[in-house]
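# Tertiary structure, described
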Amino acid sequence: MTQHGFPAGQSRARRASDDADVIVVGAGPGGSSAAYHLARAGLDVLVLEKSTFPREKVCGDGLTPRAVKQLVGMGIALEPADGWFPNKGIRIIGGGVRIELDWPDLSSYPGFGLVRTRRGFDEIVARAAQRAGARLAEGVTVTGPVLDDSAQRIVGVTARDTATGDGGAERSYRARLVVAADGNSSRLSLAMGLRKRDDRPLGVAIRTYYTSPRHDDDYLETWLELRDSGALLPGYGWIFGVGDGTSNVGLGLLNTSASFGHIDYREMLRRWLASMPAEWGFAEENRLGPVRGAALPMGFNRTPHYTRGLLLVGDAGGMVNPFNGEGISCAMESGEIAAQVIIQALARPDRASAELALRGYPQALKDAYGGYYTLGRKFVGAIGHPWFMQFATRHGLPRPALMRFTMKLLANLTEPRGGDAADRVINALSRITPAA
Ligand SMILES: Cc1cc2nc3c(=O)[nH]c(=O)nc-3n(C[C@H](O)[C@H](O)[C@H](O)COP(=O)(O)OP(=O)(O)OC[C@H]3O[C@@H](n4cnc5c(N)ncnc54)[C@H](O)[C@@H]3O)c2cc1C
């Protein structure tokens, strides 16, 4: 065995002691996407997921055309009759203005988004990975890495079967490579010494569900200003119709805001909703379930994305889009990028060459998002100032051409090549802004 964990002289063969070619930790959208693409290429993939499906996940449940493209690419049927609720675009409210912007018509992305609660969504994506050939073990909690003899490289994980309720005995699973897709807290990354970066944006958001006549709204509604009887509250909010009689309502705050870390989010939600028309139904008696919150790790807030046999995917690698808080599409896209890198690496004839391919993963992510995320970090810094948001909503929202540009920028929806003037400006800005 070499110090890098591949058998000396070659990488193609699997070690007799391995349980799989690749272990994926976590079956959220990022892990399931990675597993799907790995399995399609014929690799033996073992996905370890601590919960059992179906399970809830705190989310706004909004899927942009980028996420839709990923689902289509995995062969998932998106029929409204099966609970996929389509939308035409986003509605932005702020500065006394309300504007509806349709998703752009592009050759690269579909012209519609979707809403689907994560309770059903994550299971559907995980089952697609299983159908492609991935082995999914539910109720198995990964407890740490298994390291090679040099204690440097990850060659597997330890895990407990938690589905049984008694904690289960710890056992280890070994593989040639490990993907950490275990979400924002990513204990596996932490155990490998990869901490969150303080110089990157982080959001905190809460959400809950109400029965509401607005459940069949076919625009994703975003509030850039939250008000309570005229008083401006920090943060931004959303109301997404789920199409099943309920709306997902939530709000979030970025760590660039002065109020971050010392605000009662639930009280803020109560105050914001109290200012809404009663007929929308966002009242306590119509609330279904608790108000739950979680963090949004943005703009590559954990790096490097590859080190010593471990690749980071989705929230584990802090990949939420800093412009709009969207994390599902980035998780699925990074899952696919990681899979493509792994497929190439494991086909290389020797270890050094395989390692070279793996070190290409952070660069592939930078190529895909780097400049755009750097711009996003500057945007997040600016909107942390209330005066900027007020200026932008008052002077930007009334200008439809400017808002169409903004929509493409916020949702990262441009033609990669060619396109209209807005596409070319956004692509050029992303290219010339250094990826970091
Ligand atoms: C309030 C809120 C609203 C949001 N709204 C939206 C939205 O509308 N649209 C959007 O695109 N994004 C939204 N996001 C972001 C989005 O939820 C995340 O970016 C996305 O879930 C990331 O996917 P992931 O696969 O990387 O991680 P996750 O979805 O977090 O999945 C991680 C998986 O790993 C499993 N796991 C964790 N630890 C272990 C372990 N030790 N062993 C085994 N398994 C483990 C977990 O059970 C989970 O299944 C929102 C986030 C929040 C908090």
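Residues numbered from 1 in each chain as written. Predicted model: local features only at pLDDT ≥ 70, side-chain atom pairs only at ≥ 80, totals over all residues. Heavy atoms only, no water.

## Quick word on the overall build of the protein chain
- When its secondary structure is counted, the protein chain shows 11 helices and 20 strands.
- The C-alpha atoms of the protein chain give 22 Å as radius of gyration, which agrees with the globular expectation for 436 residues (22 Å, within 12%).
- Taking the principal axes of its C-alpha atoms as reference, the protein chain extends roughly 65 × 50 × 40 Å.
- Considering the protein chain as a whole, with its 436 residues, one finds that 55% of them fall into the buried category. (Helix = DSSP H or I, 4+ residues; strand = E, 2+ residues; numbered from the N terminus. Rg over C-alpha atoms; globule rule 2.2 N^0.38 Å. Buried < 20%, exposed > 50% of the residue type's maximum accessible area, 1.4 Å probe, protein only.)

## A few points about the sheet that holds strand 17 (residues 246–254)
- Spatially, the seven strands line up as an open sheet ordered 6-5-13-16-17-12-18, and their pairing is mixed. Edge strands, defined here as strands with exactly one partner in the open sheet, are strand 6 (97–102) and strand 18 (287–297). Neighbouring strand axes in the sheet, compared pairwise and without regard to direction, differ in orientation by 20° on average.
- For strand 5 (residues 89–94) and strand 6, the ladder comprises six bridges, and the chain directions are antiparallel. Its bridge partner being in strand 6, Ile-93 is matched across the sheet by Arg-98.
- Across the sheet, helix 5 (residues 265–274) touches strand 12 (202–211), strand 13 (219–223), strand 16 (236–241), strand 17 and strand 18, and the angle it forms with strand 17 is around 125°.
- Relative to strand 6, helix 10 (residues 400–411) is tilted by about 55°, and along the sheet it contacts strand 5 and strand 6. (Pairing = 2+ DSSP bridges. Axes fitted to C-alpha atoms, helices over the stretch in contact; angles between N-to-C directions. Contact = heavy atoms within 4.5 Å.)

## A word on the environment of Leu-310
- Tracing the backbone shows Leu-310 in strand 20 (residues 310–312).
- Separated by 57 residues in the primary sequence, Leu-310 and Leu-253 place their C-alpha atoms 31 Å from one another.
- Leaving out residues up to four positions away in the same chain, Leu-310 has contacts with Ile-154, Val-178, Val-179, Ala-180, Leu-188, Ser-189, Met-192, Leu-194 and His-305.

## A look at the side chain of Arg-55
- Along the chain, Arg-55 falls in the loop between strand 2 (45–49) and strand 3 (62–63).
- Among the polar contacts made by the side chain of Arg-55, one reaches the side chain of Ser-51 at a distance of 3.3 Å.
- For Arg-55, the contacting residues outside a window of four places in its chain are Ala-27, Gly-28, Glu-49, Arg-118, Arg-119 and Asp-122. (Polar contact = N/O pair within 3.5 Å; in protein donor to acceptor, adjacent residues only side chain to side chain.)

## Let's talk about the site of the ligand
- Close to the ligand lie 37 residues; Glu-49, Arg-55, Gly-60, Gly-62 and Asp-315 are nearest.
- Taking Gly-60, its main chain carries an N or O atom lying 2.7 Å from a nitrogen atom of the ligand.
- Contact distances for the ligand include 2.9 Å between an oxygen atom and a backbone N or O atom of Ile-328.
- Here the ligand has 1000 Å² of accessible area as a free molecule, and 92% of this is covered by the chains.
- Those elements giving two or more residues to the shell around the ligand turn out to be helix 1 (29–40), strand 2, strand 9 (140–147), strand 16, strand 18 and helix 6 (328–346). (Near = heavy atom within 4 Å. Areas by Shrake-Rupley, 256 points an atom, 1.4 Å probe, with all protein chains shown as cover.)

## Focus on the pattern of salt bridges
- All chains considered together, the criterion is met by 24 salt bridges.
- A salt bridge links Glu-100 to Arg-91, with the shortest nitrogen-to-oxygen separation between them at 2.8 Å.
- Glu-100 gets classed as partly exposed once you look at its relative accessible area, which sits at 37%.
- The partner of Glu-284 in a salt bridge is Arg-287, with the nearest N and O atoms 2.8 Å apart. (Salt bridge = Lys/Arg side-chain N within 4 Å of Asp/Glu carboxyl O.)

## A closer look at the sheet that holds strand 3
- Pairing is antiparallel across the open sheet formed by three strands, whose spatial order is 3-7-4. Either end of the sheet is taken by a strand with one partner, and the two such strands are strand 3 and strand 4 (85–87).
- Note: strand 4 against strand 7 (residues 113–115), three bridges, orientation antiparallel. Within strand 7, the position partnered with Phe-85 by the bridge is Val-115.

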